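The chain contents come next:
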Amino acid sequence: MNRQAVRLTVNGKPWHGEVPTRLTLVDCLREEVGLTGTHVGCEHGVCGACSVLLDGEPVRSCLMFAVQADGRAITTVEGLAAPDGALSPLQDAFWECHALQCGYCTPGMLIAAHALIARNPAPSDGDIREALAGNLCRCTGYQQIVDAVRLARRRMGEVPP
Amino acid sequence: MSEYRYVGRKRRTKEDRRFITGLGRYVADVTLPGMSHVALVLSPHPAARIGAIDTAAALALPGVQAVVTGAEIARHTNPILHGLALPGVRWYPLAVGQVRYVGEWVVAVVAASRHIAEDAAELVRVDYEPMAWVGDPEAALAPGAPLVHPDHGSNLFYRRTFVWGDVAGDFAKAHHRLASKVYWGRSATVPIETFGVVANWNRGNDLLDVWASIQMPKYPDQMAHCLRLPLNAIRVHYDVDVGGSYGVKRGIKHSVLVGYLARKLLMPVRLIEDRLENMVGGDMHGPDRRFDVTLAFDADGLIRSMKMRALDDIGCYPGRSPLQLAKPVGAIVGPYRIQSVEYEAVAVATNKTSQVAVRGFGQAPTNYAIETAIDRVAAHLGMDRLAVRRRNFIQSHEFPYRIPSGTDYDSGDYDAVLTKTVARAKLEALIARRDALRAEGRLAGIGFATCLEPSGGNGAFEPLFNPANDTTTWMESCQVKVDALGGVTATIATSTAGQGHQTLVATVTGEELGFDPDCIRVVHADSLQALPGNSPVASRMAIMLGGAAAGAARQIKERVLAIAAHNLQRPVDRLVYREGAVFDLDNELRTLNWAELVRIAHRKYHQMPPGMEPGLQASYVWEVPKGGTMPTADGRVQMYPCYSFECHIALVEIDRGTGQVAIRDWFMGHDCGTVINPDIVHGMSYGGIAHGIGAALYEEFAYDENGQLVAGSFVDYLLPSVHEIPEIALVDHCTPSPLTPMGQKGSGESGYLGAPAAVASAVNDALSPLGITIDRLPMHPSRIEQALADKRADMGEREGP
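Residues numbered from 1 in each chain as written. Chains lettered and ligands numbered in written order. Predicted model: local features only at pLDDT ≥ 70, side-chain atom pairs only at ≥ 80, totals over all residues. Heavy atoms only, no water.

Turning our eyes to something else, we now look at the interface of chain B and chain A. At the junction of the two partners, chain B supplies 53 residues and chain A supplies 49 residues. For the pair chain B and chain A, the summed buried area comes to about 4400 Å², and 55% of that belongs to carbon and sulfur atoms. Counting across the chain B and chain A interface gives seven salt bridges. Joining chain B to chain A, the criterion identifies 28 residue pairs in polar contact (both at pLDDT 80 or more). When residues of the side of chain B that touches chain A are traced back to their parent elements, those giving at least two are helix H1 (16-20), helix H4 (114-123) and helix H18 (678-697) of chain B. By residue number, the principal contributor to the side of chain B that touches chain A is H18(B), which donates nine residues. Counted by class, the side of chain B that touches chain A contains 24 nonpolar, 16 polar and 13 charged residues. (Contact = heavy atoms within 4.5 Å. Buried area = accessible area lost by both parts, 1.4 Å probe. Salt bridge = Lys/Arg side-chain N within 4 Å of Asp/Glu carboxyl O. Polar contact = N/O pair within 3.5 Å; in protein donor to acceptor, adjacent residues only side chain to side chain. Helix = DSSP H or I, 4+ residues; strand = E, 2+ residues; numbered from the N terminus. Nonpolar A, V, L, I, M, F, W, Y, C, P; charged D, E, K, R; others polar.)

Glancing now at unusual backbone geometry. Residue and element names in this part refer to chain B. Residues Phe 399 and Pro 400 are joined by a peptide bond in cis, for which omega reads -5°. Mapped onto the elements of the fold, Pro 400 is located in the loop between helix H11 (385-392) and strand S16 (401-402). For the bond running from Leu 777 to Pro 778, omega is -5°, close enough to zero to count as cis. In this structure, Pro 778 sits in the loop between strand S29 (776-777) and helix H20 (781-799). Not every positive phi belongs to a glycine, and Asp 206 is a case in point at roughly 50°. A positive phi angle, near 55°, is found at Lys 218, a position not held by glycine.

A word on the state of the cysteines. Residue and element names in this part refer to chain A. Enumeration according to the criterion identifies zero disulfides over all chains in this entry. Free cysteine: Cys 97, not disulfide-bonded; nearest cysteine sulfur from Cys 137 at 14 Å. Residue Cys 97 is classed as buried on the basis of its relative accessible area of 13%. You can see Cys 102 has no disulfide; the closest cysteine sulfur is in Cys 139, sitting 3.7 Å from it. Residue Cys 102 is classed as buried on the basis of its relative accessible area, which comes to 6%. (Disulfide = S-S within 2.5 Å. Buried < 20%, exposed > 50% of the residue type's maximum accessible area, 1.4 Å probe, protein only.)

This part is about the packing of helix H7 (residues 219-227) of chain B against helix H8 (residues 252-265) of chain B. Residues and elements named next belong to chain B. The geometry of H7 relative to H8 is characterised by a closest axis approach of 10 Å and an angle of 55° between their N-to-C directions. Accordingly, the angle class assigned to the pair H7 and H8 is oblique. The chirality of how H7 crosses H8 is right-handed. Each of Tyr 219, Gln 222, Met 223, Cys 226 and Leu 227 in H7 lies in contact with H8, whose residues at this interface are Ile 252, Ser 255, Val 256, Gly 259, Tyr 260 and Arg 263. Here the residues of the contact of H7 with H8 are counted per class, giving seven nonpolar, three polar and one charged. (Axes fitted to C-alpha atoms, helices over the stretch in contact; angles between N-to-C directions. Parallel < 35°, antiparallel > 145°, perpendicular 65-115°, else oblique. Left-handed = near helix turned anticlockwise from the far one by under 90°.)

This next bit is on the domain arrangement of chain B. Residues and elements named next belong to chain B. What the domain assignment reports for chain B is domain 1 (18-131 + 192-244 + 250-281), domain 2 (357-457 + 636-794) and domain 3 (475-622). With 21 residues of domain 1 at the interface, the matching set in domain 3 holds 17 residues. Around 1300 Å² of area is buried between domain 1 and domain 3 when both sides are counted, 55% of it from carbon and sulfur atoms. Inspection of the domain 1/domain 3 interface yields zero salt bridges. (Domains from an automatic or database assignment.)

What follows covers the pairing of strand S18 (residues 443-455) of chain B. Residues and elements named next belong to chain B. Judged by how many residues are buried, S18 sits mostly within the fold: 13 of 13 residues are covered. Residues Leu 443, Gly 445, Gly 447, Ala 449, Cys 451, Glu 453 and Ser 455 of S18 are buried on one face, and the alternating residues Ala 444, Ile 446, Phe 448, Thr 450, Leu 452 and Pro 454, pointing to the opposite face, are buried as well. Bridging between S18 and strand S26 (residues 642-654) involves 13 bridges; their strand directions are antiparallel. Within the sheet, the bridge partner assigned to Ala 444 lies in S26 and is Glu 653. (Pairing = 2+ DSSP bridges.)

What follows deals with the packing of helix H3 (residues 106-119) of chain A against helix H4 (residues 125-132) of chain A. Residues and elements named next belong to chain A. Running from N to C, H3 and H4 cross one another at 135°; their axes reach a closest spacing of 9 Å. Considering their axes alone, H3 and H4 lie oblique with respect to each other. Two packed elements cross with a definite hand, and for H3 against H4 that hand is right-handed. Contacts from Met 109, Ala 112, Ala 113, Leu 116 and Arg 119 in H3 reach Asp 127, Ile 128, Ala 131 and Leu 132 in H4.

Moving on, we get to the domain arrangement of chain A. Residue and element names in this part refer to chain A. Parsing chain A into structural domains produces domain 1 (3-78) and domain 2 (89-156). Measuring from the centre of the C-alpha atoms in domain 1 to the corresponding centre in domain 2 gives 22 Å. Across the boundary between the two partners, domain 1 contributes 16 residues, which contact 11 residues of domain 2. For the domain 1 and domain 2 pair, buried surface summed over both sides reaches about 1100 Å², with 63% attributable to carbon and sulfur atoms. Among the residues domain 1 hides against domain 2, the three largest losses belong to His 39, Cys 47 and Val 77. Together they make up 39% of the total. Linking domain 1 with domain 2 are zero salt bridges. Counting the contacts that link domain 1 with domain 2 gives five residue pairs in polar contact (both at pLDDT 80 or more). Of all elements in the fold, only strand S3 (51-54) and strand S4 (57-60) reach the threshold of two or more residues within the side of domain 1 that touches domain 2.

Right, dumping it as structure tokens:
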């Protein structure tokens, strides 16, 4: 089986290893890097549960090989909180609004929402739905997820005292 | 204001924090040293005899540890139990002798990695001799139809006609009779996490450890039966987070297979379905049901009687699927005062993947059939659709209300909830909007559904459909333990698939003990430590686990009061418990605080009441309220104890060109008694409505003329995204149940039980100006578009040149 060296920056920390060339990025993150927060849902790029940020852009980590990410920076759900463990405003809003039930799609939803806020700090309701439309959730009917992103938008828009 | 301090208040859940930080622990996150992986060889045929199986090339691949066939499994395991007595129907994890549906597992390959296992699976050669097969359940009942299980001699797995009340007399008395036919297509809840299981045979202790994404009553019992092990040789770890289930995560064949392999190979083995395995052969499809409903009614809309025939295509192996025809017996008249019912339930085997429990256990299809029939009565009489419903609602003063099939509904106020929802929806304005859209030439419609969610499930459907099964106990349990420093820990006997059991138990326990729920720890026992329970099915945990937690917490309070009475030398009835402390009603200065009470219980036996057990702990095992009775000979039984009500009002618009349905507005009135955590209940309702919209408009496990599943991926099986699900307005109402400690009822299936009926009602209202009726779910855009095109062609013909 072909193996190849890969260097990644995962949540700000360097990681390197030799992996099978056919190993998907999501399997690499889960099994080699040891970060199991990123989930496998459909393995064909539809459900979005495996979303991660690749150099800041949301991608499906089931649709690319780990070797294709060589030299790139990846953010997973484990990297969204501050280094001291403080939740990001979106994470906190997800908790406040109970924007999840089983939690399986949640990492992907959070990644999609973080990518949205990063490029558009004041998204409209339509922007929010557009940004989440590539991620499937079977528990929530999406309402509390949309509510959470709205709450985070509002809180982040507030001028600190 | 509520009488409760924590119950019913908006509070953050206990579970969410680990999920938003990526720290959930799902079955795919369980890794054991030296763990092997399973891949499967699937049947390409809907029916074929299995000839030679050549495993040599697969076994020769480096890293492959075993290749196992059905013949081997059948020698070493017992067939999987199913709900009915069906001689000649033998269900094993791997096909034995013949395959019976496309996707059935034929060979299991175990290897050092899933990659290698998949490579090896491709090297397995199976000789098949294709056989005649049948995919249509009506055809399967015809004489001479190919037999799915030749040894059983028939494709009919269950048929019984129940008659409750004077159906013939009521039909004779009624002014009108109206028959309708509807079809509920094959869909399921399709969690984003597939099913997975890890097993390890613990040689030092002769113990099979199991981690699984499971939601299944009596799961360890079934594994023990199949694996020929004592029940106490199986330890299921219930602390695995389950990535969604909504009924379908039964996984019994997966677990028997992996349990067998782990014991055979003496190594940890894991099987995580990939999406195709899950969709085509994971045994997780839902009801696939044809209904014939005839209502007998008077000119003023009073419905006297109903005849219903439900024919369910259950696929290949029965599992619990025929029983999904039985559960609706407990709400067979919906929220209506229908006096008599004839119900014919028919379960038919076909060469498709097996049907399993889906949210509502058959109630959502039944509600769709009833609600469609009610709409047609309204149309027939030229009455308002809600007026017909109100004409027949059971009234709030009539509870407990016994329906013809023998179940008592506990409480409700259907009129009040509907009135509240109509007001919130501003129904007159909504109708004006629909009519304005129509005036612009658009297809717009309003849909209604009013229906029940039976909750607190017992298994009364089991003895109802299978007299050999006399199970009437459906308990749930909770242990509450106060540690030596006064901390409270509750232990529950189940895994959780997003229902928030930790929050539920912490809230109820906190309410009873007067402690902040955030300070109460809730843990999942494993199956050997756990007290008896029946898993979080059937909208039962707010009732049953909430009831068990309340019962245990109340025992703690009793013990604390007894300790205080002994030490304060006061009679118990002159003492009061408040937030951990005990006060003397006659002298508020005489008190014992929590730390003192706990210290006495744990450390000062000399201050304990004589004979009292040391420590401070309680266990409570609760039988389902009103449970424990067997059905009568004519099939009357108390099904579930508590009945939640929901009513839906939806405005939709249909694109004339594409047939696409856009939902403009959605309101749901909901009465599930006392709510423990509003965010959790609301979330389940939103999610249930989304499931219902999916089942009504998009989701279908379609098979082609060759018996192949053509919706095996998320590209073909369409799950609604945030674009297809509208903003939903929930309207809360509370009629407490008299049967539960806090008046709570169930809500885990809410939304799903009425949403499909409401969508169908709205679509048909939108199409009514054209004289089109669609009587089949899902109402795919293509299906609607075809109906519109047919109508245009028909009109063109009639207008002529």
